[in-house]
Protein chains: 2
Amino acid sequence: MMNEGSVKIIPLGGLGEIGKNITAIEYKDEIIVIDCGISFPDEDMHGVDLVIPDITYLLNNENKVKGIFITHGHEDHIGSLPYILKQLNVPLYGTKLTLGIVENKLKEHSILSECQLNVVEAGDIVELENLKVEFIRNTHSIADSCAIAIHTPVGVILHTGDFKVDYTPIDGLVMDLERISALGKEGVLLLMADSTNVERPGHSISERVIGETLTRIFSKAEGRVIVATFASNIHRMQQIVDASVKYKRKIAFSGRSMEEISEVAMNLGYLHIPDGYIISVDEINRYSNDQITIITTGSQGEAMAGLARIAFSNHRKIKIEPKDLFLISASPIPGNEKLISRVINELFRKGAEVVYDDLEEVHVSGHAYQEEIKLIHTLAHPKFFMPVHGEYRHLKHHANLAIKLGMNSNNVFTLETGQVLEVSNKEAKITGKVTTGSVYVDGLGVGDVGNIVLRDRKHLAEDGMLTIVVTLERESYSIIAGPDIITRGFIYAKESEALIEEVKEIVRKELNKCLDNRIIEWYVLKSNMKKSVEKFLYEKTKRRPIILPIIMEI
Amino acid sequence: MMNEGSVKIIPLGGLGEIGKNITAIEYKDEIIVIDCGISFPDEDMHGVDLVIPDITYLLNNENKVKGIFITHGHEDHIGSLPYILKQLNVPLYGTKLTLGIVENKLKEHSILSECQLNVVEAGDIVELENLKVEFIRNTHSIADSCAIAIHTPVGVILHTGDFKVDYTPIDGLVMDLERISALGKEGVLLLMADSTNVERPGHSISERVIGETLTRIFSKAEGRVIVATFASNIHRMQQIVDASVKYKRKIAFSGRSMEEISEVAMNLGYLHIPDGYIISVDEINRYSNDQITIITTGSQGEAMAGLARIAFSNHRKIKIEPKDLFLISASPIPGNEKLISRVINELFRKGAEVVYDDLEEVHVSGHAYQEEIKLIHTLAHPKFFMPVHGEYRHLKHHANLAIKLGMNSNNVFTLETGQVLEVSNKEAKITGKVTTGSVYVDGLGVGDVGNIVLRDRKHLAEDGMLTIVVTLERESYSIIAGPDIITRGFIYAKESEALIEEVKEIVRKELNKCLDNRIIEWYVLKSNMKKSVEKFLYEKTKRRPIILPIIMEI
């Protein structure tokens, strides 16, 4: 099938997982990349700071890659750029706010000057040799967000990006449903659409509703109002600002990402704050408490971010005061529930008031619910459909939804990261698989921590470790020093002296058995010591610490 | 105040935390204990299997303790009994099913024969010297659950236990609201009530509603139905059995706790299964798939439990087959969301159908919502109130709710674990604090893992470890062997040979500096080596592995 007349869709991340969104679209000798995100480490990825995609496929096809097209400025769509651009320096395309945020990141990694940033507007079309890439305005929990239509000789591929259908967005810029409808009329070959909230019936709530809640809450607040939210949610920020201005409160931003993104948003005209209303955190004590709003990071309960620092009295500049009202204007990302609850409990303990999602409408989702998703399918009525953005359960439900809307199930493709969907104007087919995967970033290291290191960390975390050191003299086949035993994370050594003595005895016995037989191969000695000690400790404690036998030879 | 005429309420666990419920009630030389539960370890308690309360206070007052009174058979109310009874062997009181479940636990710990189990029925009163302890039927997500009223010379203390108000419970045994109303009329001195769901408006849904969902789902199922739920939820089990019998499906229990508790429940008459309907998991292949229901553990996504084993093809006896329908009849306990999602994704990937709480009403909570809580307050109209069972945010909201219902805020006491509330018939007051805390159980060890061990495990988990070993000769102040470097969980050693060589060089330099100056105090050598290596590694990698310097001396 499909030689001349086909286009390849190659998800390099983001399918069957939350985050790390990156998709290659390949036609002849052109590849364009949509988004370039990170994902956050799972609990069992001990010590890993973030996860970036393996882009071997792009590096192997370096000459083909014409650019990276960014739908919006969230971490799971832009976060890998500093790492990927270091390996593959291609032009970037995105809207003003999106690239404004990207710029900050590239500056931080000291690579901005080498990068090629091209600002586009919603409605713009970037023309490559065979491919035309069109940015189409959508609505999402960050301003200046877009869907992308790729016009190929085979047909139009419409990628929704992350979206919701908000008919009353804060900036008044409604999703360009007309354009999607027009594309649908001309014929969409393949739709790729956001699956995040496909399990939720109905329609998402407009961002504007939050403004009403905020106004009500601000109208009653007697002390400071301290709001934790996502730094990238400029519309949310604007509404907090509006409520503050209405009640004559000065506004201080706290937390690095909050300060940075609010500044970018103001400079670029996405966040409007009347003169004299912004103050720095250092200035808050110059005003009475009922004249202050603080907007801070840490809405996910992160131990090192603003909110948790304030709660646990670790913040250098902000201490809890009587009548402080905390608003957590966010919902927990799955996995963060306990962290957030810990912070809420502490704020209550310290006597503050706390309002959060379980109690009031202080957060709405940025992703389309079922009825919105149905709208997009209906307007685009594509020939082929491929659900994107979501865990497997979401992709699967989205596929089912498309079939319920009347699509032939043979035209619906639930891919996983790395699979290649090849689409001609007649048919579509999964035709292969490319190298993909996760690269771990830990501190300064990119990719130097892998599964073996993580397996050891997990093992160390569970049961700790026990080191056995002994110095042998080869000549005399005798123990010169040791055995010494050092443990960490295993057991209270002082209270377990008897146990440690028994371990030493076992080691001595094993060693002498070998030495008496003139065996001095390290691997035999070590493996015998290790096995005996392991067995003994498991019987005594039902624990399996990592055992490190070290033999010094003189 | 209050000498002769006061009673002390001493929560030893369960306040400001979820689980580990245990409360001492002391009047003169009598102490009774209500419940004796465990809590599950937080994420940062690496390797800890479970957490039990510190009962120093009870041990210090051993002669006063007259018995432990159990409200119901959930782990967070009975789980610590095997550990506590080993230290403090006092009589136990509880209903038939509750003690049936306890019996199994005590058997497993080989202490059943030494324990004193006293079966009571709802309505019974246990008379001690000064105290009378009355069991009052309530409704909860386990059968045979009770509230407890303690009649003291000072007045009546009513402890709701975990409860909801289910007007249509599966066993037909409605909560004894009449008795609570009668106590309220006579006068309740202190109410202690369940706060778990105080943030939820309205009224919880009756367990019976699940039966309707199950019947509908079973009526359409074409293959096996595999239900994961809490082993202790006998009513849920009964409804799954009823739906199975209706559609002529044999029932197999899978998972140790599921097998054990279903057997106890059948033997004691709490679970009714018609003859011939129970089969063992070994027999499932003798029937066609549409004649099979499997009830399994693992509804929280636990890696080692039934459901996850089936999903990831690790179950010895149950493999996924076409048209299998999985029901997850539970909601995630906070913190388990990602684990469950992982299992759901895998089941979908393997082609199974999966129904869960987000999609259908296959689970209801066992704890009272706001309107039910208000009912109990209104019936009991106590003089004093103390919220129990919940994190601080729940206690705080429950206190507010009591005040909104008309209580004087001076009569409402939000305690934390360890605080002592002293109540006379005139007043109540927090009068002190006793020793409390968490004791960690890890494998066979009880209390041998504490904060230092956990701190090391956390550190090891984050960045791994690096051991430096060197053998010195004291006489000649020289290095005889080493330095050797061994790492685990830090970095891929093979790819970092250059880094390791640099570490060795730093160690040599530090050692020689000391040795040249004739310094051979171990602590100086070690501390210098450690500091230099730490600094070097942090600069190079931004990681801080645990560094273990070991010096052997000959």
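Note that the coordinates shown come from a computational prediction; the quantities given were computed from them, not determined experimentally.

Asker: When you look at the overall build of chain A in this model, what are you seeing that I'm missing?
Answerer: The secondary structure content of chain A amounts to 15 helices and 26 strands. By its C-alpha atoms, chain A is 90 × 70 × 45 Å across when sized along the principal axes. Burial analysis of chain A (554 residues in total) assigns 59% to the buried set. In chain A, 71% of the contacts between residues at least 6 apart in sequence involve partners at least 24 apart. Accessible surface, chain A: about 21900 Å² in total, of which carbon and sulfur atoms supply 47%.

Asker: Explain a nonpolar patch on the surface to me, please; I cannot follow it from the model alone.
Answerer: Together, Ile480 and Ile554 of chain A together with Ile480 of chain B make up a nonpolar patch on the protein surface, roughly 180 Å² of accessible area in all. Along the chain, the position of Ile480 of chain A falls in strand β25 (residues 478-488).

Asker: Help me understand the UniProt feature "domain: Metallo-beta-lactamase" (unreviewed entry) in chain A in this model?
Answerer: In the UniProt entry, the feature "domain: Metallo-beta-lactamase" (unreviewed entry) is given for residues 19-214 of chain A. From the first C-alpha to the last, residues 19-214 of chain A spans 30 Å; its make-up is 23% helix and 28% strand.

Asker: Sorry, what's going on with the interface of chain B and chain A here?
Answerer: Many analyses report the size of an interface as the accessible area lost when the parts associate. On the chain A side, the residues contacting the 69 residues of chain B number 69 residues. On the surface where chain B and chain A come into contact, there are eight salt bridges. Notably, a salt bridge pairs Glu353 of chain A with Lys396 of chain B, separated by 3.9 Å at the nearest N-O pair. For the pair chain B and chain A, the number of links is 25 residue pairs in polar contact (both at pLDDT 80 or more). The dominant element in the side of chain B that touches chain A, judged by the number of residues it contributes, is helix α13 (residues 451-463) of chain B, at nine residues.

Asker: Just to check I follow, could you spell out the packing of aromatic side chains for this structure?
Answerer: The description of two aromatic rings rests on the distance between their centres and on the angle between their planes. For the coordinates displayed, the defined rule picks out seven aromatic pairs over all chains. Judged by centre distance (6.2 Å) and plane angle (35°), the ring pair of Phe69 of chain A and Phe135 of chain A falls under tilted. With Phe69 of chain A in strand β5 (residues 65-69) and Phe135 of chain A in strand β9 (residues 132-137), the pair connects residues that are 66 residues apart, well separated along the chain. By relative accessible area, Phe135 of chain A is classed as buried at 0%. Centre to centre, the rings of Phe69 of chain B and Tyr93 of chain B are 4.6 Å apart; their planes meet at 10°, and the pair counts as stacked. Of this pair, Phe69 of chain B sits in strand β5 (residues 65-69) while Tyr93 of chain B sits in strand β6 (residues 92-94); the two residues are 24 residues apart in sequence, bridging distant segments of the chain. On the accessibility criterion, Phe69 of chain B (0% relative accessible area) is buried.

Asker: Would you take a moment to explain the nonpolar core for this structure?
Answerer: Grouped burial of nonpolar side chains is what soluble globular proteins tend to show. Within the largest apolar cluster, 60 residues are counted, with the highest numbers of intra-cluster contacts made by Leu58, Ile68, Leu81 and Leu97 of chain B. When we break this core down by domain, the ones giving at least three residues each are domain 1 (6-202 + 365-446) and domain 2 (208-355) of chain B. Ile142, Ile210, Met258 and Val364 of chain A belong to the second largest nonpolar core, which has 59 residues in total.

Asker: Looking at this structure, how should I read the relation of the copies chain B and chain A?
Answerer: Between the two chain copies there is a screw-like relation: a rotation about an axis and a shift along it. The transform that puts chain B on chain A rotates by 180° and translates by 0.1 Å along the axis, for an RMSD of 0.1 Å. Those values place the two copies in the arrangement expected of a two-fold rotation axis. Relative to the rotation axis, the closest C-alpha in chain B is found at Ala461 of chain B, a distance of 2.4 Å. When you check the interface residues of chain B against chain A, 100% turn up at the interface there too, and the contact is symmetric in its surfaces.

Asker: In this structure, what is going on with the sheet that holds strand β25 (residues 478-488) of chain B? I would like to understand it.
Answerer: Each strand in a sheet pairs with its neighbour through backbone hydrogen bonds, running either in the same direction (parallel) or in the opposite one (antiparallel). All names here are of chain B. One open sheet accounts for three strands, arranged β25-β24-β26; its pairing is mixed. Of all the strands in the sheet, the pair left with one neighbour each is β25 and β26 (546-553). Mean inter-strand twist for the sheet, computed between neighbouring axes without regard to direction, equals 15°. Note: strand β24 (residues 465-473) against β25, eight bridges, orientation antiparallel. Bridge pairing in β25 links Leu466 to Thr487. Relative to β26, helix α15 (residues 522-541) is tilted by about 145°, and along the sheet it contacts β24 and β26.

Asker: It is not clear to me how the domain arrangement of chain A should be interpreted in this structure. Could you clarify?
Answerer: Split by domain assignment, chain A resolves into domain 1 (6-202 + 365-442), domain 2 (208-355) and domain 3 (451-553). Taking only C-alpha atoms, the centre of domain 2 of chain A and the centre of domain 3 of chain A are 53 Å apart.

Asker: Looking at this structure, how should I read the pairing of strand β22 (residues 438-442) of chain A?
Answerer: Residue and element names in this part refer to chain A. Pairing analysis gives four bridges linking strand β4 (residues 50-53) to β22, with the strands arranged antiparallel. When the sheet's bridge partners are listed, Ile52 is paired in β22 with Val439. In this structure, the hairpin formed by β22 and strand β23 (residues 445-446) is closed by a connection of two residues, where Gly443 is found at a positive phi of approximately 60°.

Asker: Please explain helix α4 (residues 96-108) of chain B as it appears in this structure.
Answerer: Since one α-helical turn is 3.6 residues long, residues separated by three or four positions face the same way. Residue and element names in this part refer to chain B. Compared with the 18 Å implied by 1.5 Å per residue over 13 residues, the 19 Å span of α4 between its first and last C-alpha is a close match. What α4 keeps buried is the set Leu97, Thr98, Leu99, Gly100, Ile101, Val102, Asn104, Lys105 and Leu106. In this structure, the buried residues of α4 make contact with α2 (75-78), α3 (81-87), β6, β7 (117-119), α7 (234-246) and α8 (256-267). After α4 finishes, the residue Ser110 shows a positive phi value of roughly 55°.

Asker: Whenever I open this one, the confidence of the model for chain A confuses me. Can you help?
Answerer: Where the model shows low pLDDT, its predicted coordinates should not be examined in detail. Taken as a whole, chain A shows an average pLDDT of 92; of its residues, 99% reach a score of 70 or greater. Interface confidence in the predicted complex, given as ipTM, is 0.85; pTM for the same model is 0.87.

Asker: Whenever I open this one, the environment of Glu62 of chain A confuses me. Can you help?
Answerer: Residues and elements named next belong to chain A. Within the secondary structure, Glu62 is located in the loop between α1 (56-60) and β5. For Glu62, a relative accessible area of 41% translates into the label partly exposed. Measuring from C-alpha to C-alpha, the distance between Glu62 and Gln87 comes to 9.7 Å, with 25 residues separating the pair along the chain. Those residues in contact with Glu62 that sit more than four places away from it in its chain are Gln87 and Leu88.

Asker: Looking at this structure, I do not really get unusual backbone geometry. What am I missing?
Answerer: Glycine aside, residues mostly have negative phi, and peptide bonds are mostly found in the trans state. Residue Gly482 of chain A is joined to Pro483 of chain A through a cis peptide bond whose omega torsion reads 0°. With respect to the helices, strands and loops of the structure, Pro483 of chain A is situated in strand β25. Although it is not a glycine, Asp35 of chain B adopts a positive phi angle of roughly 65°. Within the element layout of this structure, Asp35 of chain B appears in the loop between β3 (30-34) and β4 (50-53).

Asker: Help me understand the sheet that holds strand β12 (residues 188-194) of chain B in this model?
Answerer: Residues and elements named next belong to chain B. Spatial strand order, β8-β9-β10-β11-β12-β19: six strands in an open sheet with mixed pairing. Both edges of this open sheet fall to β8 (125-127) and β19 (384-388), since each of them pairs with a single strand only. Adjacent strand axes in the sheet meet at a mean angle of 15°, parallel and antiparallel pairs treated alike. In this structure, strand β10 (residues 146-152) lies alongside strand β11 (residues 155-159), joined through five bridges in antiparallel fashion. When the sheet's bridge partners are listed, His151 is paired in β11 with Val156. Taken strand by strand, helix α5 (residues 177-186) contacts β9 (132-137), β10, β11 and β12, and its axis lies near 135° from that of β9. Set on the sheet, helix α12 (residues 392-404) makes contact with β12 and β19; between it and β19 the angle comes to about 150°.

Asker: Teacher, can you tell me more about the side chain of Thr71 of chain B here?
Answerer: Inspection of the secondary structure puts Thr71 of chain B in the loop between β5 and α2. Filtering out sequence-adjacent residues up to four positions away, Thr71 of chain B remains in contact with Ile34, Asp35, His77, Thr98, Asp144, Ser145, Cys146, Ile148 and Gly161 of chain B.

Asker: Looking at this structure, how should I read the pattern of salt bridges?
Answerer: Should the charged atoms of two oppositely charged side chains come close, the side chains can pair. Applying the stated criterion across every chain yields a total of 52 salt bridges over all chains. Between Arg216 of chain B and Glu360 of chain B there is a salt bridge, and its shortest N-O distance comes to 3.2 Å. In this pair, Arg216 of chain B sits in helix α6 (residues 208-220) while Glu360 of chain B sits in the loop between β18 (353-355) and α11 (370-380), placing the two residues 144 residues apart along the sequence. Arg216 of chain B gets classed as partly exposed once you look at its relative accessible area, which sits at 37%. Each of the salt bridges in this network shares a partner with another, and the network as a whole consists of Glu346, Arg349 and Lys350 of chain A together with Glu416 of chain B.

Asker: So what exactly am I meant to see when it comes to the environment of Glu134 of chain A here?
Answerer: Residue and element names in this part refer to chain A. By the element assignment, Glu134 lies in strand β9. The class for Glu134 is buried, based on a relative accessible area of 3%. Residues Glu134 and Ala149 lie 15 residues apart in sequence; the distance between their C-alpha atoms is 5.0 Å. A distance of 2.5 Å separates polar atoms of two side chains, one belonging to Glu134 and the other to Arg179.

Rules behind the numbers
Residues numbered from 1 in each chain as written. Chains lettered and ligands numbered in written order. Predicted model: local features only at pLDDT ≥ 70, side-chain atom pairs only at ≥ 80, totals over all residues. Heavy atoms only, no water. Helix = DSSP H or I, 4+ residues; strand = E, 2+ residues; numbered from the N terminus. Buried < 20%, exposed > 50% of the residue type's maximum accessible area, 1.4 Å probe, protein only. Contact = heavy atoms within 4.5 Å. Areas by Shrake-Rupley, 256 points an atom, 1.4 Å probe, with all protein chains shown as cover. Patch = residues over 30% accessible without salt bridge, like charges linked within 9 Å, V, L, I, M, F, W, Y side chains within 5 Å. Salt bridge = Lys/Arg side-chain N within 4 Å of Asp/Glu carboxyl O. UniProt positions renumbered as here; feature names shortened; annotations may be inferred. Polar contact = N/O pair within 3.5 Å; in protein donor to acceptor, adjacent residues only side chain to side chain. Phe/Tyr/Trp six-rings, centres within 6.5 Å; stacked < 30°, edge-to-face > 60°. Core = buried A, V, L, I, M, F, W, Y, C linked by side-chain atoms within 4.5 Å. Domains from an automatic or database assignment. Least-squares fit on C-alpha atoms with pLDDT ≥ 70 in both. Pairing = 2+ DSSP bridges. Axes fitted to C-alpha atoms, helices over the stretch in contact; angles between N-to-C directions. Expected span 1.5 Å × (residues − 1). pLDDT = per-residue confidence, 0-100.

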